[in-house]
Amino acid sequence: MTDTSTQALQSVVTSVLEETVQDWDLEIEGGIGAGTTLIEDLEFESIDVVQFCVAIEQKLGRKGLPFEKLFIQDGAYVDDVSVTDVVGFLQEELQAA
């Protein structure tokens, strides 16, 4: 993927999340958007986070993205991340490559 614009990456992240939760019987008011969070809104568990990271790498055609930068800060796991957080992380990492 060469387009690292916010809109393009948000579209990728949103589509991966929608595919992930499509069979979970969740009611997400207004659908998945920039402010949607993985833990609180989508009820992700640790295995879901891992699968999400793998799916993002596959969709972008990039392996080995340092997702620990997104999910661990100051040596501790973050409480939650939003679609916007994921998009910002991806923009930073893809532009650095």
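Residues numbered from 1 in each chain as written. Predicted model: local features only at pLDDT ≥ 70, side-chain atom pairs only at ≥ 80, totals over all residues. Heavy atoms only, no water.

J.: Is there a simple way to think about the pattern of salt bridges in this case?
T.: Here the structure, examined in full by the defined rule, presents 2 salt bridges. In this structure, the salt-bridge partner of K59 is E19, at a minimum N-O distance of 3.3 Å. Note that K59 is positioned in helix 2 (residues 46–60) and E19 in helix 1 (residues 6–21), a separation of 40 residues in sequence. Judged by relative accessible area, E19 falls into the partly exposed class, the value being 46%. Its salt-bridge partner being E93, residue K69 comes within 3.1 Å of it at the nearest N-O pair. Placement of the pair is K69 in helix 3 (residues 68–71) and E93 in helix 4 (residues 83–96), with a sequence separation of 24 residues. (Salt bridge = Lys/Arg side-chain N within 4 Å of Asp/Glu carboxyl O. Helix = DSSP H or I, 4+ residues; strand = E, 2+ residues; numbered from the N terminus. Buried < 20%, exposed > 50% of the residue type's maximum accessible area, 1.4 Å probe, protein only.)

J.: Quick question: what am I supposed to make of the nonpolar core here?
T.: Grouped burial of nonpolar side chains is what soluble globular proteins tend to show. Formed by 26 residues in total, the largest nonpolar core has its most connected members in V13, L17, F52, I56, F67 and L90. Listing elements by their share of this core, those giving two or more residues are helix 1, helix 2, helix 3 and helix 4. (Core = buried A, V, L, I, M, F, W, Y, C linked by side-chain atoms within 4.5 Å.)

J.: In this structure, what is going on with the packing of helix 1 against helix 4? I would like to understand it.
T.: Relative placement of two packed helices is described by the angle separating their axes and the distance separating the axes. In the contact formed by helix 1 and helix 4, the axes pass within 9 Å of each other and the chain directions differ by 125°. Taken together, the axis directions place helix 1 and helix 4 in an arrangement best described as oblique. Classified by chirality, the crossing of helix 4 by helix 1 is right-handed. Taken together, the residues of helix 4 that come into contact with helix 1 (itself represented by T6, L9, Q10, V13, T14 and L17) are V83, V86, V87, L90, Q91 and L94. For the contact of helix 1 with helix 4, the class distribution of residues is 8 nonpolar, 4 polar and no charged. (Axes fitted to C-alpha atoms, helices over the stretch in contact; angles between N-to-C directions. Parallel < 35°, antiparallel > 145°, perpendicular 65-115°, else oblique. Left-handed = near helix turned anticlockwise from the far one by under 90°. Contact = heavy atoms within 4.5 Å. Nonpolar A, V, L, I, M, F, W, Y, C, P; charged D, E, K, R; others polar.)

J.: What should I look at first to understand the environment of G35 in this one?
T.: For G35, the location among the structural elements is in the loop between helix 1 and helix 2. Using a relative accessible area of 58% as the deciding quantity, one classes G35 as exposed. When residues no more than four places from it in sequence are discounted, the contact partners of G35 are D41, S82 and T84.

J.: Honestly, the side chain of T36 in this entry has me stumped. Any pointers?
T.: For T36, the position within the fold is in the loop between helix 1 and helix 2. Since its relative accessible area comes to 7%, T36 is described here as buried. Of the polar contacts made by the side chain of T36, one reaches the backbone nitrogen of G33; its length is 2.8 Å. Beyond its immediate stretch of four places on either side in the chain, T36 contacts G31, D41, L42, V81, S82 and V83. (Polar contact = N/O pair within 3.5 Å; in protein donor to acceptor, adjacent residues only side chain to side chain.)

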